[in-house]
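# Chain and residue survey
These are the residues of each chain, in order.
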Amino acid sequence: QVQLVESGGGLVQAGGSLRLSCAVSGSTYTVGWFRQAPGKGRDFVAAISWNSGSTKYADSVKGRFVISGNNAKNTVYLQMNSLKPEDTAIYYCASRRTSTIVTNDSGYSTWGQGTQVTVSS
């Protein structure tokens, strides 16, 4: 049984950086990050397949964000650089039961509680 807890959100100026953490308990094969801005749907950000190390990024964050995993700490990170005001959202991590990465939120079975990221201009 998988549980996930996000942390690391906060307020940052445009152009700055934040690192989000997703603490994972239980067995997982793919961890994805999604975000939801006010009045918007929940959008894919990035995902990592634990076994293969494969990663995938949304076009909107490619080149700015990096997803990584640390097995010793049972944690997946989302390093967010060159942040923009449009990155402001609640960020969620989620677990998928297979190693294949998908970008739809319905492909992920377990979700964390979310952490707020606010980017000021």
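Look a little higher up for the structure.
Let me sum up the structure you'll find in this document.

Quick notes on the rules
- Residues numbered from 1 in each chain as written.
- Predicted model: local features only at pLDDT ≥ 70, side-chain atom pairs only at ≥ 80, totals over all residues.
- Heavy atoms only, no water.
- Disulfide = S-S within 2.5 Å.
- Helix = DSSP H or I, 4+ residues; strand = E, 2+ residues; numbered from the N terminus.
- Polar contact = N/O pair within 3.5 Å; in protein donor to acceptor, adjacent residues only side chain to side chain.
- Contact = heavy atoms within 4.5 Å.
- Phe/Tyr/Trp six-rings, centres within 6.5 Å; stacked < 30°, edge-to-face > 60°.
- Buried < 20%, exposed > 50% of the residue type's maximum accessible area, 1.4 Å probe, protein only.
- Salt bridge = Lys/Arg side-chain N within 4 Å of Asp/Glu carboxyl O.

## Focus on the state of the cysteines
In this structure the tally under the stated criterion is 1 disulfide. Note that Cys22 is cross-linked by a disulfide to Cys93, the S-S spacing being 2.1 Å. Note on the Cys22 and Cys93 pair: the S-S dihedral is about 75°, so by sign convention the disulfide is right-handed. One end of the pair, Cys22, is in strand β3 (residues 18–25); the other, Cys93, is in strand β9 (residues 89–96), with 71 residues separating them in the sequence.

## Things to note about the side chain of Thr30
With respect to the helices and strands, Thr30 occurs in strand β4 (residues 30–36). Of the polar contacts made by the side chain of Thr30, one reaches the backbone oxygen of Thr98; its length is 2.7 Å. A distance of 3.5 Å separates a polar atom in the side chain of Thr30 from the backbone oxygen of Ser99. Not counting residues within four places of it along the chain, the set of residues in contact with Thr30 comprises Ala47, Ile48, Ser49, Ala94, Ser95, Arg96, Thr98, Ser99, Thr100, Ile101 and Tyr108.

## Some thoughts on the packing of aromatic side chains
The geometry of an aromatic ring pair is captured by two quantities: the separation of the ring centres and the angle between the planes. Tallying each qualifying case throughout the model produces 5 aromatic pairs. Relative to Trp111, the ring of Tyr92 lies with its centre 6.5 Å away and its plane at 75°, an arrangement referred to as edge-to-face. With a gap of 19 residues between them, Tyr92 in strand β9 and Trp111 in strand β10 (residues 110–111) connect regions that are remote in the sequence. Assessed through its relative accessible area of 23%, Trp111 is described here as partly exposed. Summarising the aromatic geometry, the rings of Tyr108 and Trp111 are spaced 6.4 Å apart at their centres and angled 65° between planes, so their arrangement reads as edge-to-face. For Tyr108, a relative accessible area of 4% corresponds to the buried category. Connected via pairs of aromatic rings, a cluster forms that spans Phe34, Phe44, Tyr92, Tyr108 and Trp111.

## A closer look at the pattern of salt bridges
The final tally for this structure, using the stated rule, is 3 salt bridges. The partner of Arg35 in a salt bridge is Asp87, with the nearest N and O atoms 2.8 Å apart. One end of the pair, Arg35, is in strand β4; the other, Asp87, is in the loop between β8 (75–80) and β9, and 52 residues separate them in sequence. By the burial criterion, Arg35 is buried, and Asp87 matches it. Here Asp105 makes a salt bridge to Arg42, at a shortest N to O gap of 3.4 Å. Highlighted residues: Asp105 in the loop between β9 and β10 and Arg42 in strand β5 (residues 42–49), separated in sequence by 63 residues. On the basis of relative accessibility, which here comes to 32%, the residue Arg42 falls in the partly exposed class. Within this structure, Arg35, Arg64 and Asp87 form a network of salt bridges that share partners.

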